[in-house]
Amino acid sequence: MIVFLQLFFEFFKTGLFAVGGGMATLPFLYDMGTKYPEWFRVAGAPSDVIANMIAVSESTPGPIGVNMATYIGFITGGSIGGTPLALLGAVVATLGLITPSIIVILIIASFLKSFRNNRYVDSAFYGLRPASTGLIAAAGLSVVVSNLFFSDALTQGLSLAVFNWKGWALAAVLWILTNLVKQTKKLHPILFILASAAVGILWGM
C-alpha cells in the first residue's frame, strides 16, 4: 500500500511542476530512477529503461507524460504481485500525474474572466516559459546522449568507443528522409516510427 501512495505522490509532484508538456516530465523521471530504482524492474539501468519507455510512449496514442506514468505504474505494481496490482499501479500513477492539472483547470475555470486579464498571472506565465524550455531541453539532451552514445564508455573519456554508430546511422538516415528527399519528407510520421522500430529489432539496438 505504501508503494502506491509513493507512486501517487511522486507523480502528483511531477504533474504539478512539469510545466511545458510531456517531455518536461523526463527530468522528474530520471530523478525517480535514482530515488526508486526498484520501480524500474526490467533489464538495464534506469536511464536505459526510460529511453525505451520514451520510444514506447511516443509510439502509442495519447500524451507522452500520461503514457510514461502508466508504464512505470504498471511495472511497479507488477513487480509486487502480478497483473491485478500492475493495473492498479498504472491507474494510481496516471491519476497522480493528471490530478494537479484537473485541480488547476477547475480553479482557473471558476475565475476565468479575472484570470484572463490579470497582469500577475500573465507575468507568471511569462516567467514559466524559460523554465519549461530548460526542462524540455534537458530532457532532449538526455535522450540524445542515451541513444547516440554509450554512457558507460563516456565516463572513461571521449573516444570512438563512446559513439553508438547504429544510433548515429539511423538518426542520419531519418534526417535525410524527413528533410532532403522529396518523395519521403511528406510521409506520415507513424511510418518513420514503424520503420525505426523494425530497424531496431533487426539491428538489436
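Residues numbered from 1 in each chain as written. Predicted model: local features only at pLDDT ≥ 70, side-chain atom pairs only at ≥ 80, totals over all residues. Heavy atoms only, no water.

A word on the overall build of the protein
- Regarding its fold elements, the protein presents ten helices and zero strands.
- Taken from N to C terminus, the helices and strands of the protein fall in the order α-α-α-α-α-α-α-α-α-α.
- Of all intrachain contacts in the protein linking residues separated by at least 6 positions in sequence, the fraction that spans at least 24 positions is 54%.
- Within the structure as shown, the protein displays about 12700 Å² of accessible surface, and the carbon and sulfur contribution to it stands at 72%. (Helix = DSSP H or I, 4+ residues; strand = E, 2+ residues; numbered from the N terminus. Contact = heavy atoms within 4.5 Å. Areas by Shrake-Rupley, 256 points an atom, 1.4 Å probe, with all protein chains shown as cover.)

Structural notes on the packing of aromatic side chains
- Per the counting criterion, the structure on display carries five aromatic pairs.
- By the ring-pair criterion, three or more aromatic residues cluster together here, those being Phe149, Phe163, Trp165 and Trp168. (Phe/Tyr/Trp six-rings, centres within 6.5 Å; stacked < 30°, edge-to-face > 60°.)

Description of the nonpolar core
- Ranked by internal contacts, the top residues of the largest apolar core, which has 22 residues, are Leu7, Phe11, Leu26, Leu29, Ile50 and Ile72.
- Elements supplying a minimum of two residues to this core: α1 (2-17), α2 (26-35), α3 (46-59) and α4 (64-110). (Core = buried A, V, L, I, M, F, W, Y, C linked by side-chain atoms within 4.5 Å. Buried < 20%, exposed > 50% of the residue type's maximum accessible area, 1.4 Å probe, protein only.)

Topic: the side chain of Thr184
- The residue Thr184 is located in helix α9 (residues 182-185) in this model.
- Among residues more than four places away in sequence, those in contact with Thr184 are Leu177 and Phe192.

What to know about the packing of α2 against helix α6 (residues 119-148)
- In contact at an axis separation of 8 Å, α2 and α6 are set at 60° when each is read in the N-to-C sense. On the basis of the axis angle, α2 is oblique to α6. In contact with Leu26, Pro27, Phe28 and Tyr30 of α2, α6 contributes Leu135, Ala139, Ser142 and Val143.
- Residue composition of the contact of α2 with α6, by class: seven nonpolar, one polar and no charged. (Axes fitted to C-alpha atoms, helices over the stretch in contact; angles between N-to-C directions. Parallel < 35°, antiparallel > 145°, perpendicular 65-115°, else oblique. Nonpolar A, V, L, I, M, F, W, Y, C, P; charged D, E, K, R; others polar.)

Looking at α6
- Under the 1.5 Å per step criterion, the end-to-end length of α6 is 44 Å for 30 residues, consistent within 8% with the ideal 44 Å.
- Val121, Ser132, Ala139 and Leu148 are the residues of α6 that are buried. (Expected span 1.5 Å × (residues − 1).)

Some remarks on α2
- Listed as buried for α2 are Leu26, Leu29, Tyr30, Met32 and Gly33. Buried residues along α2 cover an arc of 155° about the axis, so they all sit on one side. (Arc of directions from axis to C-beta.)

Some details on the packing of α1 against α4
- Where α1 contacts α4, the two axes come as close as 7 Å, and the packing angle between them is 35°. Judged by the twist between their axes, the crossing of α1 over α4 is right-handed.
- In the contact of α1 with α4, the residues fall into 18 nonpolar, eight polar and no charged. (Left-handed = near helix turned anticlockwise from the far one by under 90°.)

So, the pattern of salt bridges
- What the rule picks out here adds up to two salt bridges.
- In this structure, Lys35 and Glu10 form a salt bridge, with 3.1 Å as the shortest nitrogen-oxygen distance. With Lys35 in helix α2 and Glu10 in helix α1, this pair connects stretches of sequence that are 25 residues apart.
- Residue classification places Glu10 among the buried residues on the basis of a relative accessible area of 5%. (Salt bridge = Lys/Arg side-chain N within 4 Å of Asp/Glu carboxyl O.)

Nothing here speaks to function; it is geometry throughout.
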